[in-house]
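A closer look at the structure
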Amino acid sequence: MISQQLKAHFQIKSREQLCNPTTMASNGDTNRDAFRQLVVNTLERRLFYVPSFKIYGGVAGLYDYGPPGCAVKANVLAFWRQHFVLEENMLEVDCPCVTPEIVLKASGHVDKFTDLMVKDEKTGACYRADHLLKDFCKDKLEKDVNMAAEKAAELKHVLAVLDDLSAEELGEKIKEYAIVAPDTKNSLSDPYPFNLMFQTSIGPSGLSPGFMRPETAQGIFVNFKDLYYYNGNKLPFAAAQIGQAFRNEISPRQGLLRVREFTLAEIEHFVDPDDKSHPKFSDVSTLEFLMFPREEQVSGQPAKRTCLGEAVSKGTVNNETLGYFIGRVYLFLTYLGIDRDRLRFRQHLANEMAHYAADCWDAEIECSFGWIECVGIADRSAYDLRAHTDKSGVPLVAHEKFAEPREVEKLVIAPVKKELGLAFKGDQRMVCEALEAMSEKEAMEMKANLESKGEVVFNVCTLAKDVMIKKNMVAISKEIKKEHQRVFTPSVIEPSFGIGRIIYCLYEHSFYTRPSKTGDEQLNVFRFPPLVAPIKCTVFPLVQNQEYEEVAKHIAHSLTAAGISYKIDITGTSIGKRYARTDELGVPFAITVDSTSSVTIRERDSKVQIRVDVQEVASVVKEVTEGQSTWNDMLSKYNAPSVPDDE
């Protein structure tokens with residue numbers, strides 16, 4: 001029922017002036033900046049969010065959500081749970097923010113969760129090296145109208161390969177382009193890696209190092225064995241978690257888009273790697289939206305509206321399960337009120353893909369900052385469960401029981417521990433484990449070399465060195481065995497949602513201005529769908545009158561009983577000013593008490609009113625806000641005019 005009401009919302013075209021950063025882009029960055037400043041000023045003034053610790057000067061990358069911001073966030077998360085957790089029967093967990101070092105060592109975060117940083121050589125101020133280079137290239141391309149075609153091509157190439165540049169290559173480019181500290185114009189240090197995790201210790205001894213988690217996913221992976229058992233030892237299944245994550249960003253900017261503490265909502269969908277079909281894919285296969293495959297990106301073509309089913313059948317999207325979640329993410333974002341024409345799904349380029357990933361797509365939303373990644377949807381294969389299996393020694397695997405035993409050819413690697421002990425002494429265990437962990441291809445190549453040469457050089461990654469393996473140290477063979485079940489490591493499809501980024505883009509997409517009744521000022525409006533609006537309705541006695549105030553209190557009581565959020569305004573301010581105040585908060589409906597038996601209900605964007613008996617108010621508002629009926633249904637039911645009353 002929600003979708004009916006929201007589809008009606010999408011069809012509404014503003015009768016007023018839309019403040020849209022995309023439509024203003026033709027007038028340059030100045031208008032985008034002015035639009036953004038207008039939105040941010042309104043959000044901070046109405047306490048949607050404000051910088052944290054403001055009375056002490058604030059801290060970059062930390063923000064507090066005020067009452068309307070908390071309500072919008074709560075509504076977004078409630079709908080996320082409904083749309084994903086309830087719809088897909090997911091298993092929700094809640095894991096600690098503090099994570100032991102060993103867990104994040106296994107996942108790769110301790111060694112690899114870094115950005116390259118440069119410092120102002122005089123003040124010590126820190127900057128992300130790739131951001132400085134990106135900003136320089138973009139600024140030159142946008143402002144230097146006389147730039148030679150060859151130079152423009154060079155800068156575009158730098159932007160294309162930015163993620164591939166090593167610390168040395170980044171440093172060379174910074175020196176070549178004479179890039180300096182943006183605030184002081186001082187020279188910069190060479191780039192070096194900076195780990196983005198906040199480090200801590202667990203317990204008073206300081207002997208148990210830990211980190212504030214940079215994502216919520218690891219808590220799900222380490223609980224896989226118990227979740228699999230809870231689910232009846234059946235695949236596929238999905239686990240979900242909403243929680244705080246922490247990243248010690250080098251130079252946070254762009255408001256809510258790049259912060260040091262933020263809310264993530266993540267799903268880990270575990271599936272048989274040999275069967276990534278999805279029984280509900282047909283529910284989303286006919287959806288059409290902007291898709292940006294890597295081939296189009298490389299060839300310089302724009303994103304195109306594409307049928308999801310066609311993208312999966314052609315192999316553009318790797319599999320049905322990944323495609324299913326792309327479709328569900330599209331519906332989630334558009335139901336919230338994200339403009340479908342400023343939403344695209346961009347496939348990761350080869351240089352962005354982790355070596356283990358099968359396919360990755362980002363849901364990107366366009367706002368005044370450009371295209372912003374808000375949701376990542378990745379097929380991570382079996383990497384995460386295997387990494388934790390290797391580090392913990394606990395097999396995180398699934399089982400498929402066969403109706404009849406099957407004869408299969410199995411690789412058998414049998415290290416000869418006595419010979420390995422004599423040769424490697426204290427390193428025997430690590431060499432033995434490395435031999436047993438070989439893939440079939442590696443093992444058969446070693447077997448061939450041992451038979452032809454009698455010895456082979458073998459790299460033991462846990463020792464970070466090569467060792468010499470001789471023929472008498474390991475036996476490698478293939479045997480025919482009867483198996484009653486298949487044991488395998490599941491693949492993981494992971495949609496990961498940056499809630500703060502989604503909410504900020506929703507703020508921009510919902511914001512517009514319209515002239516006041518007198519035409520001497522522009523009034524701010526947030527066009528939130530009722531689904532996410534911080535307050536569903538306001539109650540106004542038309543004038544300060546004891547009888548009207550009693551009716552207003554009666555309506556408030558009935559709204560509370562119906563579970564509808566509301567705000568009463570009994571000030572003597574003019575009704576027009578009270579409407580303007582609540583429009584600026586994005587409140588979709590205003591109830592005006594102008595008699596003791598009936599009231600008017602005004603819809604925010606059209607400003608059209610209907611007259612309803614006092615006893616019916618709560619049920620009418622509930623029907624519309626919960627999507628059981630549309631506003632147009634109510635206009636027909638109550639024979640209301642289709643033009644707004646003059647305010």
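Structural data are supplied above this passage.
Because the structure is predicted, anything quoted here is derived from the model rather than measured. (Residues numbered from 1 in each chain as written. Predicted model: local features only at pLDDT ≥ 70, side-chain atom pairs only at ≥ 80, totals over all residues. Heavy atoms only, no water.)

1. Description of a nonpolar patch on the surface
Quick reminder of the rule: For patches, a residue must show more than 30% relative accessible area and have no salt bridge; joins then use 9 Å for like charges and 5 Å for nonpolar side chains, namely Val, Leu, Ile, Met, Phe, Trp and Tyr. Per-residue accessibility takes into account occlusion by the displayed protein chains alone, with areas from the Shrake-Rupley method and a 1.4 Å probe. In the sections that follow, a salt bridge refers to a side-chain nitrogen of Lys or Arg positioned within 4 Å of a carboxyl oxygen of Asp or Glu. Segments assigned H or I by DSSP are reported as helices when at least four residues long, segments assigned E as strands when at least two residues long, and all are numbered from the N terminus.
Together, F53, I55, Y56 and V59 make up a nonpolar patch on the protein surface, roughly 540 Å² of accessible area in all. Along the chain, F53 falls in the loop between β1 (49-51) and β2 (63-65).

2. A look at the nonpolar core
Cut-off, in case you're wondering: Here, the term nonpolar core denotes a set of buried Ala, Val, Leu, Ile, Met, Phe, Trp, Tyr and Cys residues that are joined through side-chain atoms within 4.5 Å. Only protein chains enter the area calculation, which uses a 1.4 Å probe; residues under 20% of their type maximum are buried, those over 50% are exposed, and those in between are partly exposed. Contact between two residues is taken to exist if any of their heavy atoms lie within 4.5 Å; hydrogens are not considered.
Of all hydrophobic cores here, the largest spans 71 residues; its most connected members are W80, F332, L333, F345, F497 and Y507. Counting residues per element, this core draws most heavily on helix α13 (residues 320-336), which supplies 11 residues. Ignoring anything within four residues of it in the chain, the contact list for F345 reads F289, L290, M291, F292, I326, V329, Y330, W361, D362, A363 and I377. The next biggest cluster of nonpolar side chains, apart from the first, holds 26 residues, and it includes V539, L559, V612 and Y638.

3. Comments concerning helix α21 (residues 617-625)
Heads up, the condition is: By arc we mean the arc of the directions from the helix axis to the C-beta atoms, nothing more.
Turning to α21, its buried residues are V617, A618, V620, V621, V624 and T625. In a view along the axis of α21, the buried residues occupy a sector of 165°, so they form one face of it. Immediately downstream of α21, the backbone of G627 shows phi near 80°, a positive value.

4. Let's talk about the sheet that holds strand β5 (residues 114-119)
We apply this condition: Strand pairing is defined by DSSP finding a minimum of two bridges between the two strands. Axes here mean lines fitted to C-alpha atoms, for a helix over just the part in contact, with angles spanning 0 to 180 degrees between N-to-C directions.
Pairing is antiparallel in the open sheet, where three strands are placed in the order β6-β5-β7. Pairing within the sheet leaves two strands with one partner each, and these edge strands are β6 (126-128) and β7 (192-195). Mean inter-strand twist for the sheet, computed between neighbouring axes without regard to direction, equals 50°. In the sheet, β5 pairs with β6 via three bridges, with the strands oriented antiparallel. Paired with K119 across the bridge in β6 is C126.

5. Describing the side chain of T42
Put simply, the rule reads: We define a polar contact as two N or O atoms separated by no more than 3.5 Å, with the added condition that, inside protein, one atom must be a possible hydrogen donor and the other a possible acceptor, whereas residues neighbouring each other in sequence contribute only through side-chain atom pairs.
For T42, the position within the fold is in helix α2 (residues 29-45). A distance of 3.2 Å separates the side chain of T42 from the side chain of N524, its partner in a polar contact.

6. Concerning the packing of aromatic side chains
Worth spelling out the cut-off: Centres within 6.5 Å are what make two rings of Phe, Tyr or Trp a pair, Trp counting through its six-membered ring; a difference in plane orientation under 30 degrees is then read as stacked, over 60 as edge-to-face, and the rest as tilted. Only Lys NZ and Arg CZ are tested; either one counts as a charge over a ring when it is within 6 Å of the ring centre and within 35 degrees of the ring normal.
Evaluation of the coordinates by the stated rule reveals 29 aromatic pairs. On the numbers, 5.0 Å between centres and 20° between planes, the contact of F136 with Y177 is stacked. Taken together, the residues F136 in helix α6 (residues 129-143) and Y177 in the loop between α8 (167-176) and β7 connect sequence positions 41 residues apart. On the accessibility criterion, F136 (21% relative accessible area) is partly exposed. An angle of 75° between the planes, with centres 6.4 Å apart, marks the rings of F221 and F270 as edge-to-face. With F221 in helix α9 (residues 217-222) and F270 in strand β11 (residues 261-271), this pair connects stretches of sequence that are 49 residues apart. In this pair, the class of F221 matches that of F270, namely buried. Positioned above the aromatic ring of W371 is the side chain of R344, whose terminal nitrogen or guanidinium carbon lies 4.2 Å from the ring centre. Sitting over the ring of F402, R406 keeps its end group 3.8 Å from the ring centre.

7. Points about the pairing of β11
The buried count for β11 comes to 10 of 11 residues, which makes it a mostly enclosed element. Sheet analysis places strand β10 (residues 237-246) next to β11, joined by 10 bridges and oriented antiparallel. Opposite A245, over in β11, you have F262 as the bridge partner. Bridge count for β11 against strand β21 (residues 491-498) is six bridges, and the pairing is antiparallel.

8. Let's talk about the environment of A398
Assignment of secondary structure puts A398 in strand β17 (residues 398-415). Considered as a pair, A398 and N449 are 51 residues apart in the sequence and their alpha carbons are 34 Å apart.

9. Comments concerning the environment of D130
Examined against the element boundaries, D130 turns out to sit in helix α6. In this structure the C-alpha to C-alpha distance between D130 and L159, which are 29 residues apart in sequence, comes to 9.5 Å. Those residues in contact with D130 that lie beyond four places of it in its chain are L162 and L170.

10. Some remarks on the pairing of strand β22 (residues 511-515)
Taken across its five residues, β22 has four buried, putting it largely inside the fold. Sheet topology note: the β22/strand β23 (residues 522-526) ladder contains five bridges and is antiparallel. Bridging from a neighbouring strand, Y512 pairs with V525 of β23. In textbook terms, the turn of a hairpin is the stretch between consecutive antiparallel strands, and for β22 and β23 this stretch comprises six residues, one of which, G519, has a positive phi near 80°.

11. Considerations on helix α19 (residues 546-561)
The α-helix winds at 3.6 residues per turn, so residues separated by three or four positions along the chain end up facing the same way. The cut-off we apply is this: Helix span is expected to be 1.5 Å times the residue number reduced by one.
If you check α19, its first and last C-alpha atoms are 23 Å apart, about what 16 residues at 1.5 Å a residue would give, namely 22 Å. Of all the residues in α19, the buried ones are Y548, E549, V551, A552, I555, A556 and L559. Projected onto a plane normal to the axis of α19, the buried residues spread over an arc of 155° and lie on a single side. Turned more than 90 degrees away from the buried face of α19 sit Q546, E547, K553, H557 and A561, all of them exposed. Residues of α19 that are buried sit in contact with β24 (537-541), β25 (566-568), β26 (589-593), β27 (598-603) and α21. Sitting at the head of α19, N545 places a side-chain oxygen 2.8 Å from the backbone nitrogen of E547. Positive phi appears at G563, one or two residues downstream of α19, with a value of about 75°.

12. Observations concerning the packing of helix α15 (residues 417-424) against helix α16 (residues 428-436)
Put simply, the test is: Any angle that falls under 35 degrees is termed roughly parallel, while one over 145 is termed roughly antiparallel, one within 65 to 115 roughly perpendicular, and all others oblique. By definition, any crossing whose near helix is turned counterclockwise from its far helix by less than a right angle is left-handed, and any crossing with a clockwise turn is right-handed. Residues are sorted three ways: Asp, Glu, Lys and Arg are charged, Ala, Val, Leu, Ile, Met, Phe, Trp, Tyr, Cys and Pro are nonpolar, and all the rest, Gly among them, are polar.
It is at 9 Å that the axes of α15 and α16 come closest, and there the two elements cross at 130°. Classified by the interaxial angle, the pair formed by α15 and α16 is oblique. Taken as a pair, α15 and α16 cross one another with a handedness that is right-handed. Where α15 abuts α16, its residues K417, L420, G421 and F424 lie against Q428, V431, C432 and L435. Partitioned by chemical class, the residues of the contact of α15 with α16 number five nonpolar, two polar and one charged.

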